[in-house]
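A closer look at the structure
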Amino acid sequence: MKDDVELGRLEDLPKDYVEDLTHVNLVPLWPSLRGVLPPTRPRPLTQATAWNYKDIRPLLMKAGEVTPIEKAERRVLVLANPGHGLQKMQASSAIYLGMQLLLPGELAPPHRHTPNAVRMVVEGEGAYTTVQGEKCLMARGDLILTPTGLWHEHGHDGDKPVVWLDVLDLPLVYYTETSYHINGDEQKVAPGHGEQQYRAAGVVPTPMFARADKAYPMLRFPWVDVKASLISLANDPSNVEAVQVTYTNPLTGQDVENILGFYALMLRPGQKLRLPARSPACVFHVIEGAMKLEFEDKTFPLTEADTCCVPGYGEVFLSNQSAKEPTFIFMTDESPLHRKLGVYENWG
Ligand code: GTQ
């Protein structure tokens, strides 16, 4: 049977027959079959969309004026993809993005929840996130994990606003009807930092002597270390094309969280990089530098702290806008989820 065969429409059916079906919670498949199983390729709702920090920042600072932290718990503006409808608060089918503001002296109170989250620090100094008793300082470009079920709260000892990008798998967890949170008491901070214990890749504390058997041994990935790894990789004589690293669990070598994947990418000065068409949607956030992102017929100029989301199944072209300086990018995608579900594809 060919795909261009026109299937029967709902309007073609006798009205009383459709009513009889509805009455007992039944639905004919054929009028909707092409919608749920489209020919040859998926039809993502996710649209290639960019959010520029210059637009977000003043509106986020305004939120700081009009909404006290006690009335927000999390003072966040959500980066919503119009393809899904803004009210859905989705960047893609599985990815949620939000810009969170914490003002000096404020506390975003302790809670834990089923969605996994990470924070990419965008601006400001002096804030921290305490995750399951580990106090993680927040400096620009740092990645901090708050995986599923772990207690976390955000505080701020500095004197200027702090902003970070929240990345959660909330849309997926919500879709599976497993999303909920529990509020708790302020955590007691325990000594010790994962990023100190697991500082160098390939050299990790001997498990027998490790202090705790933690599922998430490393919660903070300082940007200074990630940047140094990228520069080291770029300078290696093997001259890899894509200077990209994956944030992994140092004990398992697997992605740091279960559902979304996190990466850092360096574009060499003047480099244009083609990323293959793969099934997962992907988010790009510029840490340092400037680049142009091209997806299908759209072009987005992106500079520091700008964020862009693209759907799966299309090539992405990234061009460093500087011939002299590298550009550094934080990326998130749905690869771990797609691999676990068995739907991951790379179309080249
Ligand atoms: O900081 O814990 O953007 O629970 C959305 C939900 C941030 C957080 C968000 C959250 C948080």
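Right above here is the structure, for reference.
Definitions and cut-offs
Along each chain, numbering runs from 1 in the same order as the chain's sequence is written. This being a predicted model, a pLDDT of at least 70 is required before a residue's local features are given, and a value of 80 or more before pairs of side-chain atoms are given or counted; all residues contribute to the totals for chains, interfaces and linings. Side-chain metrics rest on all non-hydrogen atoms present in the structure, leaving aside hydrogens and water. Here the rule is simple: two strands pair whenever DSSP picks up at least two bridges between them. Secondary structure elements are taken from DSSP: a helix is a run of H or I of four residues or more, a strand is a run of E of two residues or more, and numbering for both begins at the N terminus. Relative accessibility decides the category of a residue: with a 1.4 Å probe and only protein chains considered, values under 20% of the type maximum give buried, values over 50% give exposed, and everything between is partly exposed. Two joining distances apply to patches: 9 Å for like charges and 5 Å for nonpolar side chains (Val, Leu, Ile, Met, Phe, Trp, Tyr), and every residue must have over 30% relative accessible area and no salt bridge. Areas reported here follow the Shrake-Rupley algorithm with a probe of radius 1.4 Å; residue values treat only the protein chains shown as occluding. Think of a salt bridge as a Lys or Arg side-chain nitrogen and an Asp or Glu carboxyl oxygen that are within 4 Å of each other. In plain words, nonpolar cores are sets of buried Ala, Val, Leu, Ile, Met, Phe, Trp, Tyr and Cys residues tied together by side-chain atoms within 4.5 Å. When checking whether two residues touch, look at their non-hydrogen atoms; a contact exists if any pair is within 4.5 Å. If even one non-hydrogen atom of a residue comes within 4 Å of a molecule or strand, that residue is called near it. In the analysis that follows, any N or O atom pair within 3.5 Å is treated as a polar contact, provided that within protein one partner can donate a hydrogen and the other can accept it, and provided that, for residues neighboring in sequence, both atoms belong to side chains. Under the convention adopted here, Pro, Cys and the residues Ala, Val, Leu, Ile, Met, Phe, Trp and Tyr are nonpolar, Asp, Glu, Lys and Arg are charged, and Gly plus all remaining residues are polar. Pairing of aromatic side chains requires ring centres within 6.5 Å, counting the rings of Phe and Tyr and the six-membered ring of Trp. Pairs whose planes differ by under 30 degrees are stacked, by over 60 edge-to-face, and all others tilted. The definition used for a disulfide is geometric: two cysteine sulfur atoms within 2.5 Å. Only the contacting stretch of a helix is used when fitting its axis, a line to C-alpha atoms as for every element, and angles between N-to-C directions run 0 to 180 degrees.

**A short note on the sheet that holds strand β3 (residues 96–102)**
Two orientations exist for strands paired in a sheet by backbone hydrogen bonds: parallel and antiparallel. A sheet is described by the order of its strands in space; here six strands give the open sequence β2-β3-β10-β5-β8-β12, paired in antiparallel fashion. Strand pairing shows two members of the sheet lacking a second neighbour, β2 (76–78) and β12 (220–221), which therefore form its edges. Where β2 meets β3, three bridges bridge the pair, whose relative direction is antiparallel. Each residue of the ladder has a partner; that of Val-78, found in β3, is Gly-98.

**Some remarks on unusual backbone geometry**
The backbone of Glu-73 sits at a positive phi, close to 60°, despite the residue not being glycine. Phi is positive for Tyr-313, which is not a glycine, with a value near 70°. Classification of Tyr-313 by relative accessible area gives buried; the value is 14%.

**Section: a nonpolar patch on the surface**
There is a patch of nonpolar side chains on the surface, built from Tyr-17, Leu-29, Trp-30, Val-36 and Leu-37 and spanning about 530 Å² of accessible area. Positionally, Tyr-17 belongs in helix α1 (residues 15–23).

**Topic: the nonpolar core**
If you look at the biggest cluster of nonpolar residues, it comprises 58 residues, and the most contacted ones within it are Leu-97, Met-99, Leu-143, Val-167, Tyr-247, Phe-262 and Phe-330. Take this core: its biggest share by element is five residues, from strand β10 (residues 162–168). Excluding residues that lie within four positions of it along the chain, Tyr-247 makes contacts with Met-120, Leu-143, Phe-221, Val-226, Gln-254, Asp-255, Val-256, Phe-262, Tyr-263, Ala-264 and Phe-330. Ranked by size, the runner-up nonpolar core spans 20 residues in total, among them Leu-275, Val-286, Met-291 and Val-310.

**Considerations on the pairing of strand β9 (residues 152–156)**
Sheet faces and side chains relate simply in a regular strand, where the side chains alternate between the two faces. Taken across its five residues, β9 has five buried, putting it largely inside the fold. Alternating positions in β9 separate into two faces, His-152, His-154 and His-156 on one and Glu-153 and Gly-155 on the other, with burial throughout. Looking at chain direction, strand β4 (residues 107–113) and β9 are connected through three bridges and run antiparallel. Paired with His-111 across the bridge in β9 is His-152.

**Considerations on the site of the ligand**
Taken together, the neighbourhood of the ligand is formed by Arg-74, Val-76, Tyr-96, Gln-100, His-111, His-113, Arg-119, His-152, His-154, Asp-166 and Leu-168. The separation between an oxygen atom of the ligand and a polar side-chain atom of Tyr-96 is 2.7 Å. Expressed as a share of its isolated accessible area of 290 Å², the protein-covered part of the ligand is 89%. Looking at the shell around the ligand, the elements with two or more residues in it are β3, β4, β9 and β10. Broken down by class, the residue content of the shell around the ligand amounts to three nonpolar, five polar and three charged.

**A look at the packing of aromatic side chains**
Evaluation of the coordinates by the stated rule reveals five aromatic pairs. Plain terms: the ring middles of Tyr-247 and Phe-330 are 6.2 Å apart, the flat faces sit at 75° to each other, and that makes the pair edge-to-face. Within this pair, whereas Tyr-247 is found in the loop between β13 (243–246) and β14 (261–267), its partner Phe-330 is found in strand β21 (residues 327–333), the two being separated by 83 residues in sequence. A residue is classified by how much of its surface remains accessible, and Tyr-247, at 3% relative accessible area, is buried. Among the residues examined, Phe-330 registers a relative accessible area of 1% and is labelled buried. Each ring, one from Tyr-313 and one from Trp-347, has its centre 4.9 Å from the other, and the planes form 55°; the classification is tilted. Placement of the pair is Tyr-313 in the loop between β19 (307–310) and β20 (316–320) and Trp-347 in the segment after α7 (335–341), with a sequence separation of 34 residues. Pairwise contacts between aromatic rings join Phe-221, Tyr-247, Phe-262 and Phe-330 into one cluster.

**Here we look at the state of the cysteines**
The final tally for this structure, using the stated rule, is zero disulfides. We note that Cys-282 lacks a disulfide partner, and the nearest cysteine sulfur, in Cys-309, lies 8.0 Å from it. Its sulfur unpaired, Cys-309 is 7.2 Å from the next cysteine sulfur, which belongs to Cys-308. Taking relative accessible area as the criterion, Cys-309 reaches 0% and is therefore assigned buried.

**Some details on the environment of Phe-284**
Along the chain, the position of Phe-284 falls in strand β16 (residues 282–288). If near-sequence neighbours (up to four positions away) are discounted, Phe-284 is found in contact with Leu-275, Met-291, Leu-293, Asp-306, Thr-307, Cys-308, Val-310, Val-316, Leu-318, Ile-329, Phe-330 and Met-331.

**Examining the sheet that holds strand β7 (residues 134–138)**
Judged by pairing direction, the sheet is antiparallel, and its five strands sit side by side in the order β7-β6-β9-β4-β11 without closing on themselves. The strands lining the two open edges of the sheet, one partner per strand, are β7 and β11 (181–183). Neighbour to neighbour, the strand axes of the sheet diverge by 25° on average, direction disregarded.

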